[in-house]
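# Close look at the chain arrangement
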Amino acid sequence: MGEFKLSVQGMAYAHLINCMLLCFGPYFVLYRAKNLSDFGGLRVCLYAGLGYFLTTACKMIIMASLLSYSTELQPDFDLQMELNKNTFNLIDIIGIYAILRSKWTALNDSRARLYSIGLGWAFTEGLCTNFFYLILNANTDEFSWKYISKAFISNTDMLEIICVVALVSHASKLINKNENLLSLKFISILFVVIIRNVIIPTLLTYLGIANAKSDPDIPLLSSKTIFTLVLLMFSKVNAFL
């Protein structure tokens, strides 16, 4: 009986390690694959992580000041509340723009700089949103696909954030060149960024609630994957990532 209990506990820890590797392993693989250490990318990653913390702190303060929460019983999904809440995600764009403008994140290779900023921001966000969640939940005796799904979504978030950094950088260059802000390029970048930071989180919240009993949540994972691929192609065309 003791051996069986030890075996079950070992499986739980193996599941936790598997989720952790799936969640955070790709960050290190991409860092090494792009040879960012050769360009001093670690320093930029750290500054980007610090920028994430400062931006998130400001966002939380602004949300607490402007958003009103009712103590009355609310429906499982409130569209207006979700849109209001996710609109504040656009503050992240201001934070990314400030990091891009900072002299502390300067590198000789512009592409390595974009990857370093994106990885630093995404890794810090992943630590804040996934690390403790997995530590506290993914080491249970009962296997669940939702933790692997959480880790997979973290990977798509990493790719999306790198794309957003590239798009914000490209939009910044258009502004510096006195490009017309009503030009198709600038409007399309703005439109895609709004979809990624406001519309998609709202949709994922709805799908997560609507398919709460589904394991794994195929509609949520499919929607996230499709949007990430579309965003990658859009960034490849517009920002030459």
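None of these values were measured; they are calculated from a predicted model.

Criteria and cut-off values
- Residues numbered from 1 in each chain as written.
- Predicted model: local features only at pLDDT ≥ 70, side-chain atom pairs only at ≥ 80, totals over all residues.
- Heavy atoms only, no water.
- Axes fitted to C-alpha atoms, helices over the stretch in contact; angles between N-to-C directions.
- Helix = DSSP H or I, 4+ residues; strand = E, 2+ residues; numbered from the N terminus.
- Parallel < 35°, antiparallel > 145°, perpendicular 65-115°, else oblique.
- Left-handed = near helix turned anticlockwise from the far one by under 90°.
- Contact = heavy atoms within 4.5 Å.
- Nonpolar A, V, L, I, M, F, W, Y, C, P; charged D, E, K, R; others polar.
- pLDDT = per-residue confidence, 0-100.
- Salt bridge = Lys/Arg side-chain N within 4 Å of Asp/Glu carboxyl O.
- Buried < 20%, exposed > 50% of the residue type's maximum accessible area, 1.4 Å probe, protein only.

A separate point is the packing of helix α4 (residues 91-101) against helix α5 (residues 110-137). To describe two helices that pack against each other, one gives the angle between their axes and the distance between the axes. Running from N to C, α4 and α5 cross one another at 135°; their axes reach a closest spacing of 11 Å. One way to sum up the angle between α4 and α5 is to call them oblique. Seen from above, α4 lies across α5 with right-handed handedness. The residues of α5 that touch α4, namely those facing D92, G95, I96, I99, L100 and R101, are R113, L114, I117 and W121. Residues that form the contact of α4 with α5 fall into these classes: six nonpolar, one polar and three charged.

Here we come to the confidence of the model for the chain. Across the chain, the average pLDDT comes to 85, with 87% of residues at 70 or higher. Helix α1 (residues 2-33) is the least confidently modelled element of the chain, averaging 79 in pLDDT, while α4 averages 95, the highest of any element. This model gives residues 1-6 a pLDDT under 50, and the stretch forms zero contacts once residues within four places in sequence are excluded.

Further remarks concern the pattern of salt bridges. This model, assessed by the stated rule, comprises six salt bridges. For K85, the salt bridge is made with E82, and the minimal N-O distance between the two is 3.4 Å. Taken together, the positions of K85 and E82, both in helix α3 (residues 79-87) and three residues apart, correspond to about one turn of that helix. You can call K85 partly exposed: its relative accessible area is 31%.

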